[in-house]
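Given next are the chains, with one letter for each unit.
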Amino acid sequence: AQSVAQPEDQVNVAEGNPLTVKCTYSVSGNPYLFWYVQYPNRGLQFLLKYITGDNLVKGSYGFEAEFNKSQTSFHLKKPSALVSDSALYFCAVRDINTDKLIFGTGTRLQVFP
Amino acid sequence: DAGVIQSPRHEVTEMGQEVTLRCKPISGHNSLFWYRQTMMRGLELLIYFNNNVPIDDSGMPEDRFSAKMPNASFSTLKIQPSEPRDSAVYFCASSTGSLETQYFGPGTRLLVL
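Residues numbered from 1 in each chain as written. Chains lettered and ligands numbered in written order. Predicted model: local features only at pLDDT ≥ 70, side-chain atom pairs only at ≥ 80, totals over all residues. Heavy atoms only, no water.

## Here's the deal with the layout of surface pockets
Convention followed: Think of a 1 Å grid over just the protein atoms. A cavity is a set of points where a 1.4 Å probe fits yet cannot get out, a pocket is an open set with protein on both sides within 12 Å along at least five of seven lines, and lining residues have an atom within 4 Å of a point. Grid points are joined across faces, edges and corners, and a volume is the space filled by probe spheres set on the points. Here a helix means four or more residues in a row that DSSP labels H or I, a strand means two or more in a row labelled E, and each is numbered from the N terminus. Gly is put with the polar residues, along with every residue not named as nonpolar or charged; the nonpolar set is Ala, Val, Leu, Ile, Met, Phe, Trp, Tyr, Cys and Pro, and the charged set is Asp, Glu, Lys and Arg.
There is about 690 Å³ of room inside the largest pocket. For the largest pocket, the lining is made up of 28 residues, of which Gln38(A), Leu88(A), Arg108(A), Gln37(B) and Met39(B) are closest to its centre. Only strand 10 (87-94) of chain A together with strand 4 (31-38), strand 9 (88-95) and strand 11 (108-112) of chain B provide two or more residues apiece to the lining of the largest pocket. Along the lines of polarity and charge, the residues of the lining of the largest pocket split into 11 nonpolar, 11 polar and six charged. Empty space within the second largest pocket amounts to approximately 190 Å³. Lining the second largest pocket are Leu101(A), Ile102(A), Phe103(A), Gly104(A), Thr105(A), Tyr35(B), Arg41(B), Gly42(B), Leu43(B), Glu44(B) and Leu45(B). Those elements giving two or more residues to the lining of the second largest pocket turn out to be strand 11 (101-103) of chain A together with strand 5 (42-50) of chain B. Partitioning the lining of the second largest pocket into residue classes produces six nonpolar, three polar and two charged.

## Let's talk about the side chain of Gln2(A)
Residue and element names in this part refer to chain A. Rule in force here: Each polar contact in these results corresponds to two N or O atoms within 3.5 Å; when the atoms are within protein, one needs to be able to donate a hydrogen and the other to accept it, and residues that are neighboring in sequence are counted only if both atoms are side-chain atoms. Contacts were defined at the residue level, with two residues in contact if any of their heavy atoms lie within 4.5 Å.
Topologically, Gln 2 is positioned in the segment before strand 1 (3-5). Only 3.3 Å separates the side chain of Gln 2 from the side chain of Ser 28, close enough to count as a polar contact. In this view, Gln 2 contacts Ser 26, Val 27, Ser 28, Val 93, Arg 94, Asp 95, Ile 96, Asn 97 and Ile 102; residues no more than four positions away in its chain are not counted.

## Considerations on the nonpolar core
The line we're drawing: Here, nonpolar core means buried Ala, Val, Leu, Ile, Met, Phe, Trp, Tyr and Cys residues that are tied together by side-chain atoms lying within 4.5 Å of each other. Only protein chains enter the calculation, and the probe is 1.4 Å; a residue is then buried if its accessible area is under 20% of its type maximum, exposed if over 50%, and partly exposed in between.
Membership of the largest hydrophobic core comes to 27 residues, with the highest contact counts inside it found for Trp35(A), Leu47(A), Leu48(A), Phe74(A), Leu76(A) and Tyr89(A). Of all elements in the fold, only strand 2 (10-14), strand 3 (19-21), strand 5 (33-38), strand 6 (44-50), strand 8 (64-68), strand 9 (73-78), strand 10 and strand 12 (107-112) of chain A reach the threshold of two or more residues within this core. Broken down by element, the residue count for this core peaks at four residues, all from strand 10 of chain A. Beyond its immediate sequence surroundings of up to four residues, Leu48(A) is in contact with Leu33(A), Phe34(A), Trp35(A), Val57(A), Lys58(A), Gly59(A), Phe63(A), Glu64(A), Ala65(A), Phe74(A) and Leu76(A). With 21 residues, the next largest nonpolar core counts Val4(B), Val19(B), Trp34(B) and Tyr90(B) among its residues.

If you want it as structure tokens, here you go:
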């Protein structure tokens, strides 16, 4: 079965420092991977996706993610965190058998001033 | 673009009452998804439609839940009768196809007393 894992419930980082939110996946075949962000009392917002091509994917708000096939990872990164980046981040993979999006459990990012 | 529109944003009801949640997808999108988010279970796909036709309802918890999409611009999720364990945030999302990026609405926060 297709799945994603987000090993960290929470990530704390100081403003201005680089941030990484981890995601690993398990799929049969080529993975379709996504990152979404959820701000308090809001719906999920699409950040970026990997379908094929360059392993480094650039997305909204200065975020990027690196697809690593050998490590089956798709970590979300940003060179310099902002307090306004504080939110809940979800990694997701498309299940090729059902076309459904399978979401991770989410990682809460807290950026301190 | 107005994005995905959901109503109501908040609903408080008593156990046994019927609850109807509404969703207007983004114009031109032909896939629509209903999700439920809780602390315990995370984000779960309940059902999705392609071109107004239900494709997969395997996530619908039980017969008390039903969803319809009478036309391309409107969908409902109904719970009858409602129970306290149905309390959650319900999200609607739409996309241009089941393989494409999903765009989420702001959600309906449901509390069943």
